[in-house]
Amino acid sequence: MRHDAAEAAMSSVKSSISPALQADVSQLKIGFIGAGNMAFGIAQGIISSGKVPPSNIIISAPSTNNLPRFQERGVCVTHSNDEVVDRSRLVFLAVKPHLIPNVLNGISGNVTQEHVIVSMAAGITLETLEELLPAGTRVIRIMPNLPCMLLEGALLLACGSCAGQEEESLLKTLLGPCGLVEAGPEPWIDAHVGLSGSGVAFVYVFAEALADGAVKMGMPSALARRIAAQTILGAGVLLRDSGKFPAELKAEVCTPGGTTIHGIHALEKGGFRAATMGAVEAATERARELGKK
């Protein structure tokens, strides 16, 4: 159960605008707990937007291994999670799911009504996050994917009971440079893990198979890998920017009796669609399982 006081606090929190969020975004203080690839990608997006100077961002990690790349971009670093919370108003939790309880137990005493806590941990529900934080804390779940590191990510966010349109708009403004940013109900987050978080790896498997097929037909491996990568990149950009459905673009490539339709037939015989749908389903179910632990 959530804190008993959460219901009472919710209306007052939503009706009051935090001074930190009301102010110019350029003055916003942002913190990251965890210094992995997702934190790096999100931080890069925020910095590249030009809306927040790097000096307004601080990041913590138990070791120094991943900190130099943040320092090179002018981001403050520390080993203290408490320092991150004390010096920030928007705090991203960028640690592994199993570490979330310990991290939140450690910082909860420093979290105030002015903070917005954003979790990137797969499977950790908004309810769990709110239970581990002071009543009335504004909590958001966001799920990025690996291409955020290149500012070509796909991110989905869901707001907790005490967060609303103001916080959602703030995150969309800050994270827009990271790629596509969408919002929706929390159940969609796990599906997004399967579709986009894990889906990146599924695309890599497909790229590897494409290149292997060309190698089988006599093409040098290095060349096959480069062409496979460019093929997937070009197809993705066309799908994103053309406004057409995948089936429409597929039809434009498939001439009657041509090479492509013969290849599509081979994919269908191999159960390609069913296997892909099954992979998304399996990854989604695993995300749900993580949330129950």
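Since we're looking at a predicted model, the values are computed, not measured.

Below, the discussion takes up the overall build of the protein chain. Helix and strand counts for the protein chain stand at 14 helices and eight strands. Oriented by its inertia axes, the alpha-carbon framework of the protein chain measures out at about 65 × 40 × 35 Å. Relative to its full complement of 293 residues, the protein chain shows a buried share of 37%. In the protein chain, the share of contacts with a sequence separation of at least 24, taken over all contacts with a separation of at least 6, comes to 66%. For the protein chain, the exposed area adds up to about 15,200 Å²; of that, 60% sits on carbon and sulfur atoms. Measuring between centres, the 24 positive side-chain charges of the protein chain sit 7 Å from its 27 negative side-chain charges.

A word on the sheet that holds strand β1 (residues 30-33). The sheet built from eight strands is open, its strands ordered β3-β2-β1-β4-β5-β6-β7-β8 with mixed pairing. With partners counted over all chains shown, the strands left at the sheet margins are β3 (76-78) and β8 (179-183), one partner each. Between one strand axis and the next, the sheet turns through 20° on average, direction left out of account. Where β1 meets strand β2 (residues 57-60), four bridges bridge the pair, whose relative direction is parallel. By the bridge assignment, Phe-32 is partnered in β2 with Ile-59. Strands β1, β2, β4 (90-93) and β7 (153-159) of the sheet are contacted by helix α3 (residues 37-49), whose axis makes an angle of about 165° with β1.

So, on to the pattern of salt bridges. Side-chain pairs of opposite charge can arise where the charged atoms are in close proximity. Within the structure shown, the criterion is met by 13 salt bridges. Here Glu-167 ties to Arg-138 by a salt bridge, and the two come within 2.8 Å at their closest N and O atoms. With a gap of 29 residues between them, Glu-167 in helix α8 (residues 165-175) and Arg-138 in strand β6 (residues 138-143) connect regions that are remote in the sequence. Relative accessible area serves as the criterion here: at 5%, Glu-167 is assigned to the buried category. Between Arg-273 and Glu-268 there is a salt bridge; the shortest N-O distance is 2.7 Å.

Where helix α9 (residues 187-197) contacts helix α10 (residues 199-216), the two axes come as close as 5 Å, and the packing angle between them is 25°. As far as their axial angle goes, α10 and α9 are roughly parallel. Along its contact with α9, which presents Val-193, Gly-194, Leu-195, Ser-196 and Gly-197, the element α10 presents Gly-199, Val-200 and Phe-202.

The rules behind these values
- Residues numbered from 1 in each chain as written.
- Predicted model: local features only at pLDDT ≥ 70, side-chain atom pairs only at ≥ 80, totals over all residues.
- Heavy atoms only, no water.
- Helix = DSSP H or I, 4+ residues; strand = E, 2+ residues; numbered from the N terminus.
- Buried < 20%, exposed > 50% of the residue type's maximum accessible area, 1.4 Å probe, protein only.
- Contact = heavy atoms within 4.5 Å.
- Areas by Shrake-Rupley, 256 points an atom, 1.4 Å probe, with all protein chains shown as cover.
- Lys, Arg positive; Asp, Glu negative; His and termini not counted.
- Charge placed at Lys NZ, Arg CZ, Asp CG, Glu CD.
- Pairing = 2+ DSSP bridges.
- Axes fitted to C-alpha atoms, helices over the stretch in contact; angles between N-to-C directions.
- Salt bridge = Lys/Arg side-chain N within 4 Å of Asp/Glu carboxyl O.
- Parallel < 35°, antiparallel > 145°, perpendicular 65-115°, else oblique.

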